[in-house]
Amino acid sequence: MKVLLAVLKQIHKPALCTGNPRCLSSGATSGLLPLGDEAPMVGSSPELVQKLRSQVEVRTDFITEAEEAAFLRELDPGLKKKRYEFDHWDDAIHGYRETERLRWGAACEEILNRVRSTAFPECSQLLGPVHVIDLDNTGYIKPHIDSVKFCGSTIAGLSLLSDSIMRLVKEDTPSEWLDLLLSRRSLYILRDQARYKFTHEILKNEESVFNGQRVPRQRRISVICRNLPG
Ligand code: OGA
Ligand code: MN
C-alpha cells in the first residue's frame, strides 16, 4: 500500500478520534437557531454561531453540474473497482470506499485550484494528493478530529451527488454544536478552532435533519483538500 494512503487511514483511527457525542437531539425541538441570511448553518447558541463564523464556511453551488460530472467521470471508474467497507465497526467511517489522487485531468485540476485559492492562504503548503471518500447511501462518518500530525489548520471539501449534514461538536463541551447543510455541489471550509476543538461528522440518512427539515442522504462523494501542519 502506498504510504500516503496509510497516512490518510490514520485520520480515521479511533485513537485519534475524540468523544462520541451521539446524544444530540436534532430538529425543531432542540432550539435550533438559524444563522442569518442564506448561511446554511444552525447552532446551539447565537454566541457560538457568531464565534465560528470566521472559521466555518459553506459555499453553496461552488461547482456547476458540468463540473460535478467531470469529477464523476474521473473518479467513478476507479471507485467502482473497490468494495464499500462496512465491517470495521471501530473505524470512524462506515459504509465507504476511498482513494487519493495527485494528478487530475485539466477540468478537475482547474476546479481544485479554485478550491485551493478560496480556502488556503497563498503561502500554505498543501498535502499533495487530494482525498476522495465515497459514502454508500447507508454510510456515514462518525465524530472525529483529523490527525494533527498529518493535517494543518484548514480542511476544504466539495460534496458531490447528495446533500448531507455535517455536525460540529465542541470536544470538551458537547452542548456546543453547529450543524452545516452541505448541499450537493457545495464547498465547506473548516479552519482553526472549528478544525481543532470541534469534532466533525457526516450524519447517516436516518439522522439527516437540518433545522427540523429532513435532508435525504444518498450516495455522497467528497473531495477533500488539506494543508500540511505548520
Ligand atoms: C475525513 C472527513 C468529511 C467529508 O475524511 O476526515 O471528515 O466531507 N471527511 O467527507
Ligand atoms: Mn475529518
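Because the structure is predicted, anything quoted here is derived from the model rather than measured.

Draft legend 1. Empty space enclosed by the protein, seen in detail. In the structure shown here, the tally under the stated rule is one cavity of 30 Å³ or more. Of the voids in this model, the largest cavity is the one considered here, and its volume is about 130 Å³. Lining the largest cavity are 15 residues; nearest its centre among them are Ile-141, His-144, Tyr-188, His-200 and Ile-224. Mapped onto the lining of the largest cavity, the elements with two or more residues apiece are β5 (130-144), β10 (198-202) and β13 (220-226). The element best represented in the lining of the largest cavity is β13, accounting for four residues. By residue class, the composition of the lining of the largest cavity is seven nonpolar, four polar and four charged.

Draft legend 2. Inspection of the coordination of the manganese ion (ligand 2) at higher detail. Here the manganese ion (ligand 2) is held by the protein donor atoms His-144 (NE2), Asp-146 (OD) and His-200 (NE2), which lie 2.1 Å from it. Of note, the manganese ion (ligand 2) draws all its donor residues from one chain, in the sequence arrangement H-x1-D-x53-H. Of the two residues, His-144 sits in strand β5 while His-200 sits in strand β10, which places them 56 residues apart along the sequence. Residue His-144 is classed as buried on the basis of its relative accessible area, which comes to 3%. Residue His-200 is classed as buried on the basis of its relative accessible area, which comes to 7%.

Draft legend 3. How the structure looks around the packing of aromatic side chains. Taken as a whole and judged by the stated rule, the model has two aromatic pairs. With 5.6 Å between their ring centres and 80° between their planes, Phe-71 and Trp-104 make a pair best called edge-to-face. Within this pair, whereas Phe-71 is found in helix α3 (residues 65-80), its partner Trp-104 is found in the loop between β4 (93-101) and α4 (106-119), the two being separated by 33 residues in sequence. For the pair Phe-71 and Trp-104, a shared accessibility class is recorded, and that class is buried. When the ring of Tyr-84 is compared with that of Phe-86, the centres are 6.4 Å apart and the planes differ by 55°; the resulting orientation is tilted.

Calculation criteria
Residues numbered from 1 in each chain as written. Chains lettered and ligands numbered in written order. Predicted model: local features only at pLDDT ≥ 70, side-chain atom pairs only at ≥ 80, totals over all residues. Heavy atoms only, no water. 1 Å grid on protein atoms, 1.4 Å probe; cavity = no way out; pocket = protein on both sides within 12 Å on 5 of 7 lines; lining within 4 Å. Points joined across faces, edges and corners; volume = space filled by probe spheres on them. Helix = DSSP H or I, 4+ residues; strand = E, 2+ residues; numbered from the N terminus. Nonpolar A, V, L, I, M, F, W, Y, C, P; charged D, E, K, R; others polar. Donors = N, O, S within 2.8 Å, 3.2 Å for Na, K, Ca; no water. Buried < 20%, exposed > 50% of the residue type's maximum accessible area, 1.4 Å probe, protein only. Phe/Tyr/Trp six-rings, centres within 6.5 Å; stacked < 30°, edge-to-face > 60°.

So far we have only geometry, and geometry alone does not tell us how the molecule works.
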